[in-house]
Structures are given as structure tokens and as C-alpha cells.
Amino acid sequence: MKNLKHFYFIILLVVISTQPFYSQNADTLKSEQITSIKLTDIPIELEKATSIVALEESKLKNSKIVEKVKQQFEKTNSNYDAQKSKLDSLNLNNQTSGKIKELLRQWQVVQNDVTSFLNDITDQTTTLEREKANFIQLGKVWRQTKEEASQKKIPSDLVKAITGLEKKVKNIEKLITNELNTLLVIQTNLSKNSIGIEKIITKIREIDNANRRNILVRNALPIWALDKDTTQAKPLNDELDDILNSYKTAYTEFLVTYKDDVLSFIVMFLLFLLFVISLKSHSKEIESEDKKNQESLIVFSYPLSATLLIFGILMSFFYGDAPAAFKSIVKIILLIPLVRISVKIINPQLVKALYVFSVLFVLNQVKVAASSATLIERLLLFGLEIISILGIIWLIKKNRFSENLYAEEKKAFVVLGRRIALSLFAISFIANIFGFVKLGIVLVNGIYETVFATFILIVGIIIIRAIVLVFLKTKFAQRSRVIQYQSEKIKHTTEKIVQISAKIIWIVIALGAFNIYVPVRDWVVKILTDEIGFGNFSTSLADIFLFIVTVWVSFKISRFIIFILDEDILPRLSLPRGVPGTISTLTKYFVIILGFLIAVSSVGLDLNKFTILIGALGVGIGFGLQDLVNNFISGLILIFERPIQVGDVVHFNQIEGRVTNIGIRSSRIKTWQGSEIIVPNGHLVSNDVINWTFSDKMRRIEIKVGVEYGCDVNQIKELLLSCAKANDRILSNPEPVVIFRDFGESSLDFELRSWTSNFDLWFTISSELRFAINKIFEENNITIPFPQRDIYIKTPKAADPIEESKSEEQKKKEE
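Residues numbered from 1 in each chain as written. Predicted model: local features only at pLDDT ≥ 70, side-chain atom pairs only at ≥ 80, totals over all residues. Heavy atoms only, no water.

> Would you explain the overall build of the protein chain in this entry?
When helices and strands are counted, the protein chain shows 25 helices and 10 strands. For the protein chain, the proportion of contacts with a sequence separation of at least 24, taken over those separated by at least 6, is 74%. Total accessible area computed for the protein chain in this model is approximately 50400 Å², and 60% of it derives from carbon and sulfur atoms. (Helix = DSSP H or I, 4+ residues; strand = E, 2+ residues; numbered from the N terminus. Contact = heavy atoms within 4.5 Å. Areas by Shrake-Rupley, 256 points an atom, 1.4 Å probe, with all protein chains shown as cover.)

Below you can see the structure in the form of C-alpha cells.
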């Protein structure tokens, strides 16, 4: 720590010493007060200032920033004008929902470009304004210096040099001003365009919301009145040309927009493909009786298809702003690997149904790409509805769903899904008949997009499970101690995370497919952000949720870090016994406390008020929670002083067992019977505790035995020592000893004392010694006596009648 402070001090001295009055950085020229330069320093500072001015003048004259900004502005402005003229030529109220959404996406892209460009220009203008202010300050300094120097009659050459410097500074000010004015004009025009774009986006959103609200409004003639339709439909060839042009335009726009990312994406794809191919050879070595694992390993027969599916899912996240037609192309392409893998996993009876669904899905994508609200689109919608209804009814009658993928686990979900799909297709068909075409389109699109997402996410989960399963078995992965001993736990946790993520993604896709994602999102945001007041304190459900999630995440992160430390990192380090446990415990509570502080600050709570609240509660804690505070302090003592460590065998209050955990408040002791006892830390600190393994794991074993009188005691000593020496777990240093304890009532009492370093097995070793002693005594005819007692019974003598009569007469006389 001292070295670190010295390092910071040295850095500070270097920074101060390397900052002359004029640095090459123009920011250092700025000063709040005008201070003239000393006469003795004028030549040196004049040379420095001349150098700085010359460098800045050269930079400004050769600068192409303004030209680049002008070119970019012309490009951005022309794009804006083209999009606006295209928008003005359309009647937005007559456009389909698909066209409105695509227009909204296009204008959001334009808005992002303009906003990014505007931020860049703002940064440049700020820099130029700062440089201008610095050179104005520089001019004032030299002007004042010249005035003071003239009064003291300095050489005329020096005055001329200062005058020349002033002219150059004014010239630089002029150049900077010209650049600044040009950028400010462009910035103003961009701001106007930004305002116009915001108005256009607002207008498009209003129309989109209106279309969503009017989904239950009839927007076409009923099927029986189509002969009265006076609108002229496009020829089929023109419809196909429009579809092809939309795909071509979307493809071109994607390449232009993401041209810098395409190459890196392709490289990542190829690397991941090689990785999957390398795992294919390892998958043949895995034998599993688990049905899920068997299904997962099938994907390695199609490494290219598996890679395409994984990157197709990733593409939907990284390129969410891509044109809708391009996304449609990607979905159609992904059908090929999806079908190739699915036919090997699902019930063979569902393969034909999968092929039919694929064809219908492609037709629906073409219909969505057309989005022309013509009779052809409506007839295509009728065809999709009828075929889908008949297909589901056929699957139900043939009982094709009975043995579906994960039928036992997801049977209720499959049954519910088929009922909902059949109902929605029927509603869509009826709506189309009566002229509610928008409703029919939304329902059909929603069903196909949701089913497609379900298939691709299920197969994606299977692919990831297979990759994780095989990767954990590779030699590279087995180098990690964590993977060696906790591979099942890692696999289970990874699968759980993937499944939860897939469910969240599925919900988002389903809501978007049925065109209700935006209103649901806005509704949720409104509920979460509404203020809830409690006197002067106000919060929201979002703040509460954020607080809970942050604390929960901190707990999870702490568990993960402790898991890595305990299983992999700390065992590799040569640390004293107990130090790894201390490091783990401190790390755990550090992460939790840090997460709690982040949670408190993230919800906007004033930490000063929070500190005052803790101080106010301190009095109550001091009186009401003394035991809790005592246990907390005792936990810190146990952690830092380490009188007891995890793994120690202790004896405490008639409790004997192994310490399994030392926490801040309490510790756990697992007894030899298997029960776990939670002991407050205060008891362990304040009471006497016997620690059998505090300094080492040596344990003395004491075997008491008695032999009958008459045995050779030297022979007994040698036999007992031979039993101890014959056991490999008995230490030779300290040597085993035999003690002649006493002459017992029934036996000669001996005691065999020996030491072992295997503390965990001391009870087993003592049992082995007893077996050996019994065996060697039997071989040498030595008897272990049991206690013997001699009982003598005394019988009383018979009474004499004459003596008895005499004694009675004598008693009477005495009376």
C-alpha cells in the first residue's frame, strides 16, 4: 500500500513538472487570470508559443474535418430527403400493418444516423470553442506582455516578434471561427432534420397504434361481396416482382448498414463450425442411457445445420434493426437445418406434418413480404387457414401428438397449444370471410411465427445441451478442477439458464408475432414506473424490482465466485490451512455488501440518509439484538483469528463432529451420526472448545486390555507392540508404547498407546488393533479374564431352648 502511494506521488510530480506554461495541448493555454510573462522568460516562452501557433496553423490549414462533415451531411441530408419524398408519396392510412412497421423501422434507422452524426458534430464544435477560447487567452497574455515590455524598452526585434505572434494568433482565431461557423450551420440543419424525423416517427406510430386498435374493424368486403370490389388488383407477375424487389432491397440495405460486421460474423461462424466439428469425434466416446442426452448427441451428425441454427438465433439479437424482408430470408434459410435436425428427434409420425408446416411457413413469409392487401394475398390467406385447420384436425384424429417430443414433460403444453392454434385458425378463417382481414392476418402470422420460434428454440436448447455435454468431457475442459468434480452441476446449471432464457425469448417473440408487444411493454413500463408515495419518500415498482434483482444477482455472483475459488483456484495455491476458507468467506460477504450498496444507489436512495437510519437503529440493535451482534463479531473473530477452521474436528458441549461451515452469524458442525448442528458463533468463542485438528491431524489411539494372572507380562508387551507395528497406519514416530497400568481385581491391566496421522480413520484403526490383539492372544493361548467373585454364605447356629428360658427369666427380674 505504501509503495502504491509512492507511485501515485511520483506520477503527480511527473505530471506537474512536465507542464510548462505552454503545452502542446491547447487546453493548457487557458487561464482564468491574465498574467504577463517575465522579461527574462520572454525569449523562451515566445519560442514555445510560436511553435504551438505554427503547429495549430498547419493543422487548421490541412484539416479535412469540415470537408468530411460536409460530405457526410450531404449524404445524410439526401437520404433524409429521399425517405421523406418517398413517405410523402404514400397514403399512410391505406398502408398495411407490415408496411407501416417497415416504415417505422426505416425512419428509426435514419433517426439513429442523424442523432449519432449530431453528437459527433457537437463534440467537434465543443472542441473548437475550447481551442478558440485558449487562443484568445493566449493573445491577451502576449498583448499585455508587449505593453509592459514596451514600457521597459526591450529590444525592437523582440517587440516585432511578439507583434508577429499576435497576428498569427488572430489568424488562427479567424480560421477556428470559420470552421466553427460552418459546423454550427450544419448542426442547426441537422437539428431541424432531427425535429422533423421525430414528428414523422410520431405520426407513423400513431397510425400503427390506430391499426392495432382497429384490428376488430372490418377493412374489406365480405367474401360473398367480392364481385362488387372495384379496386384493381395487381397482376400476379407484378406481385412476384414486388416481392423479389423487397427481398433484394432488404439484402442490399443489410450489407450497406452492417458491412463492417459481416466479415467478423462470418469468421466467428467458421470458427464455431470448426469447434462443433471437433466435438463430433468426442461425442462418439460418450455413452448415456439418458434419452435427452441421446437426442442431443444426434445434432453432431449435422454440424453445419447446428451452427446455422445457433447463429441464426444470435443474428436476431445482434441485427434486430435489419429489414423485415431480410429477417424473412433468414427464417426461410433456417428452415433447412431446422428440418434436418428435427426429423431425427421428433416422432417419425410427425415428420410429414413438419414438412407441411415448412411449406406453409414459407408461403406465409412470402405473403408477409408482399403485404399488398390485394385479392391474391387474401386468397393465399384463405388457403393457409384451411390447410392449417385440416392439418391440425388430422393430427388430432390420428393421435399424432401422443408421442411428441418431450411428451411426458410437455404433454399439457402440447395439448393446450394445439387447442389454441386450432381456435385461432378458425377465428382467422371466419374473420376473413366477413371482411376482418387485418385480424385474420395478425392471427395467422402470430401462430406461424410462434410455432417456428418454438421449434427453433427447442432445437437450439438441444444443440447447446449437446455442446456442453461433450465439451465437459474433453481433455481441455478436464484440466479444470471445477469441471473434473462438478461437471454434472455445471451441466444442470447451464441447461437451466438456457431454458429460462429461451422462455423469455419465446414470450417476447410471441407477443411481437401477435402485434401486442409494444402495448404490453408500454403497459408494464407504466405500472413499474408509477410513483408510490409514503410521506416524503416515494419509489416505484421498478425501483423495488431493481433493488431485489440487484441483491439477488449479487448473491448468485458471490456463490459463483466462491464456487470457482473453492473448487479450482484456492486448491492450487499453497496456503496455510484455514486461509482458503477465510478468503472465500470474506469474498462472499464483500460481493454481497457491494451488491447491496449498488442496489441502494440504483434505486436512488440517499446514502447519507441511509447512514443516519443505520445510526438511529444502532441504539435499538445495541439493546434488542445483542446476541445477533455478539454472534456477528464472534464470526469475524473466527474468520480472522482462525481458532476453528472448516474441516476441523471439535468437541463442544457434548457435541463432537466436523466443522462444515463458518459463517458470520453461526457455524455448522456435522456429527459422526450424520446430523448437522447449527451453533451460534458466540458460543464457540466464549466457551471451551476442544479442537482435535488445530495444529495437525495426529490422533493417539488408546487400547485397554486385561490378561489373567500368571501371564508373562514381557510377552504381553511384545505381542501388543507387534500388533501396533504391523498396522501400516500407525506411526513409528512417536513409537507405540505399552503401559502396565495396574493389578486389577481379575486381571493384569495393560494399555497400548499408538499414534496415527489419519485422523479421519482413527476409529477404524482402533478397531483393527483390537481385532489383531484378540487374534494374537488366541494364537498364544492368552486369556482375557472376566471379573470373578468368591461368595461365602454363613449359616446361623440353632438356638438352645434352656438358654432361651434362662434369658427370659433374667429379663423379668431386671424389670
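> Whenever I open this one, a positive patch on the surface confuses me. Can you help?
On the surface, Lys489, Lys496, Lys556, Arg559 and Lys588 cluster together into a patch of positive charge. For the positive patch, the elements supplying multiple residues, two or more each, are helix H16 (481-513) and helix H18 (541-572). The residue Lys489 is located in helix H16 in this model. (Patch = residues over 30% accessible without salt bridge, like charges linked within 9 Å, V, L, I, M, F, W, Y side chains within 5 Å. Salt bridge = Lys/Arg side-chain N within 4 Å of Asp/Glu carboxyl O. Lys, Arg positive; Asp, Glu negative; His and termini not counted. Charge placed at Lys NZ, Arg CZ, Asp CG, Glu CD.)

> Help me understand the packing of helix H2 (residues 42-62) against helix H4 (residues 97-151), please; the structure alone is not making it clear to me.
Two packed helices can be described by the angle between their axes and the distance between those axes. Between H2 and H4, the least distance of the axes is 12 Å, while the angle of their chain directions is 150°. Here H2 is positioned roughly antiparallel relative to H4, judged by the angle of their axes. The interaxial crossing formed by H2 with H4 has left-handed handedness. Here H2 contributes Ile42, Glu45, Leu46, Ala49, Ile52, Val53, Glu56 and Lys59 to the contact with H4, which in turn contributes Glu131, Phe135, Leu138, Trp142, Thr145 and Ala149. (Axes fitted to C-alpha atoms, helices over the stretch in contact; angles between N-to-C directions. Parallel < 35°, antiparallel > 145°, perpendicular 65-115°, else oblique. Left-handed = near helix turned anticlockwise from the far one by under 90°.)

> Would you explain unusual backbone geometry in this entry?
Comment: phi is negative for the bulk of residues other than glycine, and the bulk of peptide bonds are trans. The amide bond that connects Asn733 to the next residue, Pro734, takes the cis arrangement and shows omega of 5°. With respect to the element layout, Pro734 can be found in the loop between helix H23 (713-726) and strand S9 (737-743). The backbone of Asn515 sits at a positive phi, close to 60°, despite the residue not being glycine. The residue Asn515 is located in the loop between H16 and helix H17 (517-529) in this model. Of note in this structure, Asn781 is not a glycine but carries a positive phi near 55°. With respect to the secondary-structure elements, Asn781 resides in the loop between helix H24 (762-779) and helix H25 (801-814).

> How do you make sense of the sheet that holds strand S8 (residues 699-707) when you look at a structure like this?
Two modes of strand pairing occur in sheets, parallel and antiparallel, and in both the strands are linked by backbone hydrogen bonds. Taking strand neighbours across the sheet as the criterion, the three strands line up as S8-S10-S9 in an open arrangement whose pairing is antiparallel. The sheet terminates laterally at S8 and S9, the two strands that pair on one side only. Taken pair by pair, the neighbouring strands of this sheet meet at an average axis angle of 25°, ignoring direction. Each of S8, S9 and strand S10 (748-756) is contacted by H23, which is oriented at about 25° to S10, the strand it contacts most. Running over the sheet, H24 touches S8 and S10 and is turned about 25° from S8. (Pairing = 2+ DSSP bridges.)

> Can you walk me through the packing of helix H10 (residues 324-342) against helix H14 (residues 437-471) in this structure?
Across the interface, H10 lies against H14 with an axial gap of 11 Å and an inter-helix angle of 55°. With respect to H14, the axis of H10 lies oblique. By crossing handedness, the relation of H10 to H14 is classed as left-handed. Across the interface between the two elements, Lys331, Leu334, Leu335, Leu338, Ile341 and Ser342 from H10 touch Glu449, Phe452, Phe455, Ile456, Val459 and Ile463 from H14. For the contact of H10 with H14, the per-class residue count stands at nine nonpolar, one polar and two charged. (Nonpolar A, V, L, I, M, F, W, Y, C, P; charged D, E, K, R; others polar.)

> Can you walk me through the side chain of Ser554 in this structure?
With respect to the helices, strands and loops of the structure, Ser554 is situated in helix H18. Each residue touching Ser554, except ones within four places of it in the same chain, is listed here: Val591, Ile592 and Gly595.

> Is there a simple way to think about the pattern of salt bridges in this case?
When charged atoms on two side chains of opposite charge get close, those side chains can pair. Taken as a whole and assessed by the stated rule, the structure comprises 16 salt bridges. A salt bridge links Asp530 to Lys526; its shortest N-O distance comes to 3.5 Å. With a shortest N-O distance of 3.4 Å, Glu768 and Arg729 are connected by a salt bridge. Taken together, the residues Glu768 in helix H24 and Arg729 in the loop between H23 and S9 connect sequence positions 39 residues apart. Residue classification places Glu768 among the partly exposed positions, given a relative accessible area of 30%. Under the relative-accessibility criterion, Arg729 is labelled partly exposed at 31%. (Buried < 20%, exposed > 50% of the residue type's maximum accessible area, 1.4 Å probe, protein only.)

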